[in-house]
Amino acid sequence: MADNSIPSFKAADLVIQLSSTPKTKPEVASFGTVFTDHMLTIEWSATEGWQAPLIKPFGNMSLHPACSSLHYGVQLFEGLKAYRGDDNRLRLFRPMLNMNRMSKSARRACLPTFDHSELLECIRRLVEIDQDWVPHSDSAGLYIRPTFISTEPSLGVKKPGHALLYVILCQAGSYFNNEAEALSLWADPKYTRAWEGGTGDCKMGGNYGCSLLAQYEAVDYGCQQVLWLYGEDHQITEAGTMNIFLHWINEIGEEELATPPLDGIILPGVTRQSILELTRKWDEFQVTERYLTMSQLCSALKQQRVREMFGSGTACMICPIGHIVYQGENLHIPCQDKNTQLTSRIAKELTDIQYGRIHSDWTFLV
Ligand SMILES: *Cc1c(COP(=O)(O)O)cnc(C)c1O
């Protein structure tokens, strides 16, 4: 919904400047290094409001050195993918959830709001223009990175009067691989990703830049990612930049799929929400948003009540967790065999939707 006080930009006003020098598409490139031929930019100022959206050749931007996104992190981003279906049609997965989340982050960052469907239509046009970049593969996609930054050209710590919303695209392989080794996580309560009243539930850049040191410490300890804990009772919150799920027999003997609740310190993932909705529809076991602590996990492991644990997010979709290093112990997390594994079953259902093998109102045709 558009904020009534600020009229939104309109996709109907889109100005398109096509590139005259299209790039050759790489065979393989490491994630986020090679971008498509075009980008979408939309400028805003407090005095003029939103300008007409513009699709133009991908290129560097010019920013005032004082601009407050660079100094104070007044900025945010989103992440979603376009998938090329078996029918060769391009689909986005629940993109309105990303638009909603983006405008929530914008409100938190004191950046202006906009009409969600107008932005989605501009993104649709951008993907359509660069459609040849969407891989012909059912294990890869085109990653879409909407970004919203303050371009306020002054050092005052204040609400921005100038801002730039832009969208860039790059190819992305799927990290999900049935044969892939399960993730190893390093859990040390000395680092905190997010806290109550903070911005951990928004995709604001500062949350990620400040996680790097912990990430490299995890690697030093032989792990791939950080398991973020919270509070005195070492609550399990997220793994790296993924939401986390535990499939287990809970304290009262019920089979349960559990993930921490959205209490302000959890990023409300689209994949998380989709897994909850999907498994609730199956109606085969309890699906719960609840607190999970390391001591609950440890005693469940001792009593062999843990079936599997996995992370979820657009990048990897679903990633099984194999080990957690915690307080000097290497906790082994079981994985069910491939045929009974929840991870594989959820991954299959979600990819079947994303690649258009089954019809779903979760997909949005480009
Ligand atoms: C983006 C993100 C997720 C996953 O969200 P999706 O919408 O499923 O991609 C989870 N945790 C964090 C911290 C994130 O930034």
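Computed from a prediction, not measured in an experiment: that's the story for all the values here.

**Q** Sorry, what's going on with the overall build of the chain here?
**A** Along the backbone of the chain there are eight helices and 19 strands. If one aligns the C-alpha atoms of the chain with their principal axes, the spans along those axes are about 65 × 50 × 40 Å. By residue count, 54% of the 366 residues in the chain fall in the buried class. Long-range pairs, those at least 24 residues apart, make up 71% of the contacts in the chain with a sequence separation of at least 6. Per element, the accessible surface of the chain, about 17,000 Å² overall, is 50% carbon and sulfur. Taking the average location of the 32 positive side-chain charges in the chain and that of its 42 negative ones, the two points are 3 Å from each other.

**Q** When you look at unusual backbone geometry in this model, what are you seeing that I'm missing?
**A** Outside of glycine, negative phi angles account for most residues, and trans bonds account for most peptide bonds. Positioned with a positive phi, Met317 is a non-glycine residue whose angle comes to about 65°. Within the element layout of this structure, Met317 appears in strand β17 (residues 317–326).

**Q** I tried to follow the environment of Gly32 on my own but got confused; where do I start?
**A** For Gly32, the location among the structural elements is in the loop between β1 (15–16) and β2 (38–45). You can call Gly32 partly exposed: its relative accessible area is 31%. For the pair formed by Gly32 and Ser139, sequence separation is 107 residues and the distance between their alpha carbons is 17 Å.

**Q** I tried to follow the state of the cysteines on my own but got confused; where do I start?
**A** Cysteine pairs can be covalently joined through their sulfur atoms, and such a bond is termed a disulfide. Applying the stated criterion to the full structure yields zero disulfides. Here Cys67 stays free of any disulfide, with the sulfur of Cys110 as its closest cysteine sulfur at 16 Å. The thiol sulfur of Cys210 is not disulfide-bonded, and the nearest other cysteine sulfur, from Cys202, lies at 14 Å. With a relative accessible area of 52%, Cys210 lands in the exposed category.

**Q** Hey, could you run me through the pattern of salt bridges in this one?
**A** A side chain of one charge can pair with a side chain of the opposite charge when the charged atoms of the two come close. A full pass over the atoms with the stated rule returns 19 salt bridges. For Glu255, the salt bridge identified is with Arg307, shortest N-O distance 3.4 Å. With Glu255 in strand β14 (residues 255–259) and Arg307 in strand β16 (residues 306–313), the pair connects residues that are 52 residues apart, well separated along the chain. A salt bridge links Glu289 to Arg272; its shortest N-O distance comes to 2.8 Å.

**Q** Help me understand the packing of helix α6 (residues 270–282) against helix α8 (residues 342–354) in this model?
**A** How two helices pack is summed up by the angle between their axes together with the distance between the axes. One way to put it is that α6 packs onto α8 with a least axis distance of 11 Å and a crossing angle of 105°. Considering their axes alone, α6 and α8 lie roughly perpendicular with respect to each other. Here Thr271, Ser274, Ile275, Leu278, Thr279 and Trp282 of α6 lie close against α8, whose contacting residues are Leu342, Arg345, Ile346, Glu349 and Leu350. Residue composition of the contact of α6 with α8, by class: six nonpolar, three polar and two charged.

**Q** Any chance you could explain the environment of Asp87 here in plain terms?
**A** Structurally, the position occupied by Asp87 is in the loop between β6 (80–84) and β7 (90–93). Here Arg89 takes part through its backbone nitrogen, which lies 3.1 Å from a polar atom of the side chain of Asp87.

**Q** Is there a simple way to think about the packing of helix α2 (residues 95–108) against helix α3 (residues 116–129) in this case?
**A** Contact geometry of α2 with α3 gives a least axis separation of 10 Å together with a crossing angle of 120°. By the criterion of interaxial angle, the relationship of α2 to α3 is oblique. With respect to the hand of their crossing, α2 and α3 are arranged in right-handed fashion. Judged by residue contacts, Pro95, Met96, Met99, Asn100, Met102 and Ser103 of α2 engage His116, Ser117, Leu119, Leu120 and Ile123 from α3. Taken together, the residues of the contact of α2 with α3 break down into seven nonpolar, four polar and no charged.

**Q** What's the story with helix α7 (residues 294–302) in this structure? I'm lost.
**A** Listing the buried residues of α7 in full gives Met294, Leu297, Cys298, Ala300 and Leu301. Angular distribution of buried residues about the axis of α7 spans 165°; they occupy a single face of the element. Projecting away from the buried face of α7 at angles above 90 degrees are the exposed residues Ser295 and Lys302. Taken together, the buried residues of α7 touch β11 (225–230), β12 (235–239), β13 (242–249), β16, β17 and β18 (329–332). Just downstream of α7, Gln304 is the residue with a positive phi angle, here 55°.

**Q** What is the right way to read the pairing of β2 from this model?
**A** Consecutive side chains of a regular strand alternate in pointing toward one face of the sheet and then the other. Of all eight residues in β2, seven are buried; the element is thus mostly enclosed. Here β2 pairs with strand β4 (residues 54–57) via four bridges, running antiparallel. By the bridge assignment, Leu40 is partnered in β4 with Ile55. Of the strand pairs in this sheet, β2 and strand β9 (residues 162–173) are connected by six bridges, and their pairing is antiparallel. Residue pairing for β9: Glu43 is matched across the bridge by Leu164. The pairing of β2 with strand β3 (residues 49–50) spans two bridges and is antiparallel. Paired with Ser45 across the strands is Gly49, a residue of β3.

**Q** Would you mind showing me how to read the environment of Gln341 here?
**A** Note that Gln341 resides in the loop between β18 and α8. C-alpha of Gln341 to C-alpha of Pro320: the two residues are 21 residues apart in sequence and 9.8 Å apart in space. Excluding residues that lie within four positions of it along the chain, Gln341 makes contacts with Glu308, Cys335 and Gln336.

Criteria and thresholds
- What you see as residue numbers is a count from 1 along each chain, following the sequence as written.
- With pLDDT at 70 or above as the cut-off, local features in this predicted model cover only qualifying residues; side-chain atom pairs require 80 or more to be listed or tallied, and sums for whole chains, interfaces and linings still use all residues.
- Neither water nor hydrogens contribute to the side-chain values; these are computed over all heavy atoms in the structure.
- The helix count covers DSSP runs of H or I at least four residues long, the strand count covers runs of E at least two residues long, and both are numbered beginning at the N terminus.
- When accessible area is computed with a 1.4 Å probe and restricted to protein chains, residues below 20% of their type maximum are described as buried, those above 50% as exposed, and intermediate ones as partly exposed.
- Contacts are assigned to residue pairs that have any heavy atoms within 4.5 Å of one another.
- What sets the accessible areas is the Shrake-Rupley method with a 1.4 Å probe; for residues, cover comes only from the shown protein chains.
- Residues scored as positive are Lys and Arg, those scored as negative are Asp and Glu, and His as well as the terminal groups of each chain are ignored.
- Think of each charge as sitting on NZ of Lys, CZ of Arg, CG of Asp or CD of Glu.
- Any two cysteine sulfur atoms lying within 2.5 Å of each other are counted as a disulfide.
- The salt bridge definition used is simple: a Lys or Arg side-chain nitrogen within 4 Å of an Asp or Glu carboxyl oxygen.
- Every angle, taken between N-to-C directions, lies between 0 and 180 degrees, and every axis is a line fitted to C-alpha atoms, over only the stretch in contact when it is a helix.
- These descriptions rest on fixed angle ranges, namely under 35 degrees for roughly parallel, over 145 for roughly antiparallel, 65 to 115 for roughly perpendicular, and the rest for oblique.
- For this classification, the nonpolar set comprises Ala, Val, Leu, Ile, Met, Phe, Trp, Tyr, Cys and Pro, the charged set comprises Asp, Glu, Lys and Arg, and every other residue, Gly included, is treated as polar.
- As used in this structure description, the phrase polar contact means that two N or O atoms lie within 3.5 Å; if the pair is within protein, one of them must be able to donate a hydrogen and the other to accept it, and residues adjacent in sequence are counted only when both atoms belong to side chains.
- With the far helix as reference, a near helix turned anticlockwise by less than a right angle produces a left-handed crossing, and one turned clockwise produces a right-handed crossing.
- Working note: the arc is built from the helix axis to C-beta atom directions.
- Only when DSSP finds a minimum of two bridges between them are two strands counted as paired.

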